Amino acid sequence: MSNSIVYIVLAASILALTFAFIFFKQMMKEDEGTDLMKKIAAYVRKGAMAYLKQQYKVVIIVFIILAAIFGIMAYFKLQNGIVWFAFLTGGFFSGLAGFFGMKTATYASARTANAARKSLNSGLQVAFRSGAVMGLVVVGLALLDVSVWFLVLNGTGLLEAVGAENDLITITTTMLTFGMGASTQALFARVGGGIYTKAADVGADLVGKTEYNIPEDDPRNPATIADNVGDNVGDVAGMGADLYESYAGSILATMALGASAFATAAVEGMQFKAVLAPMLIAAVGVLLSIIGIYLVKTKENAGMKELLGALSRGTNAAAVLIAVATFGIMYFLFGKETGDLANMWWQTSLSVVVGLLAGVIIGKATEYYTSQSYKPTQKVAESSKTGPATVIISGLGLGMLSTAIPVVTVGFAIVLAYLCANGFNIEFTAANLSRGLYGIGIAAVGMLSTLGITLATDAYGPIADNAGGNAEMSGLEPEVRKRTDALDALGNTTAATGKGFAIGSAALTALALLASYVEEIKIALVRIATAASDGMAKVSDTVSWTVEQVKDASLVDFMNVYNVNLMNPVVLVGVFIGAMMAFVFCGMTMNAVGRAAQKMVEEVRRQFSTIKGILEGKAEPDYERCVAISTKGAQHEMLVPSILAILVPILTGVILGVPGVLGLLIGGLSTGFVLAVFMANSGGAWDNAKKYVEEGNFGGKGSENHKATVVGDTVGDPFKDTSGPSLNILIKLMSMVSIVMAGLTVTCHLL
């Protein structure tokens, strides 16, 4: 089997980008509405682009410094000479995905509001197709990056030109480094965007709603434009970069695991087929996502369950189709194998189905705990009868309880995917372990294979939210605001579902990256042994291996030689540091939102007290000053937590060595996963509890109960939109940094 089949993946990426362009053009043909609607949309667009421009200036500096470090490492033979460039391309495409998604969203909001003047379905179609631009751009750019890099590295001898071996293991582990570029850009986008949007949101809500009793998105509120800008820079640009990194990371990690698991396979071409499988599944997923997008439509006066059903119809159809298609793909690749590999095609297909089912279960569990259509969120709203304290207590309790189903689901998915891939053989051997880990990786690919449509349902949320803001600020008829409120409430649930989905896939991908880390250690040791005068690489204080011994060593051999077990205190220290990192990172980002929000609250109060006529609607607030405060706050506050996420794995490796790094990654994964689910679901429930009261329950808008839920929503904002979603990037970024820095870790460490 030759490189020619990779052109199918390249074609799928072009198909995704083509449909993204078609949907963008269709959206741009829609009428943007009245002059006032156009003016408000222009304000938001200008603020969003100004923020993104400032963010990219900071990120470019960080990327140049990191690329220079990788260049120095390559000079000292601690990494190969392509890594620095692969790192830059990963960051570039991740940023590009966020940019295109945000550009579309800022043009779509007013058009969605105007379409909602005609009917609920018209508003849904415009918002969802615009969200689909984001979904298809992310999968299109990711597959473009993966396929082009693979074709270049596997067909040109570029690795040999920089002194590296030109085999599939080296190729796939080298490609993982552009995953680090994507992860780094994603973390800056998520953290910076999250701080921006929540500083504006908290400032607008605390002063506008609770102190002055003015509605959400009221044009009299100075922070309302900054709030709408924040929806785009945090929930669209940040989310796009985030899921680009998840999607690319799962494919790259599984390719590396496939190259490793079948490196010594007696059957010719088996290793190459295992590398191709995740790319082909993702490519077919693009086509099926497009089919699912066309299935989404609803009737007029649809309730929340009908709207959720409309989106579920598209996502479920795509999931079922990819499950069926996977069996065909696997039969095409592995159907003619004999002996021990005779059943591999359907066994590995089952691993993909396990990943898909896990994604559906996590999504449904998140929907149950965060949608106002179900009892958990309704009970949070009911707790507002006794004030904001009980709203916060009930929301925290809900979030903690909501972790059970996703954690158990991911646990079952890991075990089942592992067993399916190795033929249900529970014997712990090197061969079974490698094939089982490949199954876990391919389950993550399965979970994200229909990202084109699942991300569309996620990106739809902030577009609908902005549409509601535009309708309110433009003074459109109450019926229009009712429709946009319905679309917005649906968006809150789909956004929470999308976050749960991203976190679940991050857990599976991070586990696959653990095994990829060991492969990078192996490559680093080969470089050391090749360069050494005696042809030996020092693995530990008592063990040195030749090049051939390193190449022949299995994953189990590395665990034994590095003493990676729970009785090793170095591993345990690493676990504690990883667990601590999840909480320290969340604490830093939460406090960053608090500090930025405090400045916003002070500014909104200042304008209300000094600019005469604002509350009567006779004077226009200074929107630009609030936008500038959020922009400056986000740029300043995002640096420290983001750089900490890069430095801690490096320092852990230099001090504790390989066992400490593996402990760090396990601790960060286990704690970060549970904490991220808790924060996302608590925040989503608080938000929709407020929406449930605003629908007329428990006193409705302006009541004391409403004010209590606004406080809960304000606390939940940084939970669900800043700290929570940033954790799944943190988990994978620490893994990616560890992989890229593996050469330094094995060469220089204290313990």
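All values reported here derive from a predicted model rather than from experimental measurement.

Participant: Help me out: how do you make sense of the overall build of the protein in this one?
Facilitator: The number of helices and strands found in the protein is 22 helices and two strands. Its C-alpha atoms give the protein a radius of gyration of 25 Å, within 12% of the compact-globule value 27 Å for 751 residues. Scored against the burial criterion, the 751 residues of the protein give a buried share of 66%. Residue pairs at least 24 apart in sequence account for 83% of intrachain contacts in the protein once pairs closer than 6 positions are excluded. Surface summary for the protein: the accessible area is close to 25,200 Å², and the carbon and sulfur share equals 65%. For the protein, the centre of its 51 positive side-chain charges and the centre of its 55 negative side-chain charges are spaced 6 Å apart.

Participant: How should I be thinking about helix H8 (residues 270-294) in this particular structure?
Facilitator: For an α-helix, 3.6 residues make a turn, and residues three or four places apart therefore share a direction. Compared with an ideal rise of 1.5 Å per residue, which puts 25 residues at 36 Å, H8 spans 37 Å between its outermost C-alpha atoms and is within 8% of the ideal. For H8, the tally of buried residues reaches 21 of 25 residues, placing the bulk of the element in the interior.

Participant: What am I meant to see in the pattern of salt bridges here?
Facilitator: Counted according to the given criterion, the structure contains 29 salt bridges. Notably, a salt bridge pairs Lys 385 with Glu 382, separated by 3.9 Å at the nearest N-O pair. Residue Lys 385 is classed as exposed on the basis of its relative accessible area, which comes to 52%. With a relative accessible area of 39%, Glu 382 lands in the partly exposed category. Where Lys 538 meets Asp 541, a salt bridge forms, and the shortest distance between an N and an O atom there is 4.0 Å. In terms of burial, Lys 538 and Asp 541 fall into one category: exposed. A single salt-bridge network, built from bridges that share partners, covers Lys 198, Asp 201, Asp 687, Lys 690, Lys 691, Asp 713, Asp 717, Lys 720 and Asp 721.

Participant: Before we go on, may I ask you to explain the packing of helix H12 (residues 388-401) against helix H21 (residues 704-740) in this structure?
Facilitator: Describing two packed helices takes the angle between their axes plus the distance from one axis to the other. Packing of H12 against H21 brings their axes to within 8 Å, and their N-to-C directions diverge by 40°. It follows from the interaxial angle that H12 and H21 lie oblique. As H12 packs across H21, the resulting crossing turns out to be right-handed. In contact with Pro 388, Val 391, Ile 392 and Leu 396 of H12, H21 contributes Ala 708, Thr 709, Val 711, Gly 712, Val 715 and Phe 719.

Participant: It is not clear to me how the nonpolar core should be interpreted in this structure. Could you clarify?
Facilitator: Phe 150, Met 175, Tyr 247, Met 279 and Tyr 562 are the most contacted members of the largest nonpolar core, which totals 250 residues. Per element, the largest residue contribution to this core is 28 residues, and it comes from helix H20 (residues 623-694). Among residues more than four places away in sequence, those in contact with Met 279 are Val 6, Val 9, Val 146, Phe 150, Ile 251 and Met 255. Ala 113, Ala 116, Ala 467 and Leu 476 belong to the second largest nonpolar core, which has seven residues in total.

Participant: Would you take a moment to explain the packing of aromatic side chains for this structure?
Facilitator: Given two aromatic rings, one states the distance between the centres and the angle between the planes to describe the pair. If you walk through the whole model with that rule in mind, you get 23 aromatic pairs. Seen from their ring centres, Phe 70 and Phe 87 are 5.0 Å apart, and the 85° between their planes marks the pair as edge-to-face. Of this pair, Phe 70 sits in helix H2 (residues 35-75) while Phe 87 sits in helix H3 (residues 83-116), and the two are 17 residues apart along the sequence. Here the two residues Phe 70 and Phe 87 agree in accessibility, since each one is buried. Taken together, the ring pairs in this structure connect Phe 19, Phe 23 and Tyr 294 into an aromatic cluster.

Participant: Quick question: what am I supposed to make of helix H4 (residues 120-155) here?
Facilitator: Here H4 spans 52 Å end to end across 36 residues, near enough to the 52 Å set by a 1.5 Å rise per residue. Within H4, 29 of the 36 residues are buried, leaving the element largely enclosed by the surrounding structure. Phi turns positive one or two residues past the end of H4, at Gly 157, with a value near 75°.

Definitions and limits used
- Residues numbered from 1 in each chain as written.
- Predicted model: local features only at pLDDT ≥ 70, side-chain atom pairs only at ≥ 80, totals over all residues.
- Heavy atoms only, no water.
- Helix = DSSP H or I, 4+ residues; strand = E, 2+ residues; numbered from the N terminus.
- Rg over C-alpha atoms; globule rule 2.2 N^0.38 Å.
- Buried < 20%, exposed > 50% of the residue type's maximum accessible area, 1.4 Å probe, protein only.
- Contact = heavy atoms within 4.5 Å.
- Areas by Shrake-Rupley, 256 points an atom, 1.4 Å probe, with all protein chains shown as cover.
- Lys, Arg positive; Asp, Glu negative; His and termini not counted.
- Charge placed at Lys NZ, Arg CZ, Asp CG, Glu CD.
- Expected span 1.5 Å × (residues − 1).
- Salt bridge = Lys/Arg side-chain N within 4 Å of Asp/Glu carboxyl O.
- Axes fitted to C-alpha atoms, helices over the stretch in contact; angles between N-to-C directions.
- Parallel < 35°, antiparallel > 145°, perpendicular 65-115°, else oblique.
- Left-handed = near helix turned anticlockwise from the far one by under 90°.
- Core = buried A, V, L, I, M, F, W, Y, C linked by side-chain atoms within 4.5 Å.
- Phe/Tyr/Trp six-rings, centres within 6.5 Å; stacked < 30°, edge-to-face > 60°.

Without other data, these values stay purely geometric and don't point to any function.
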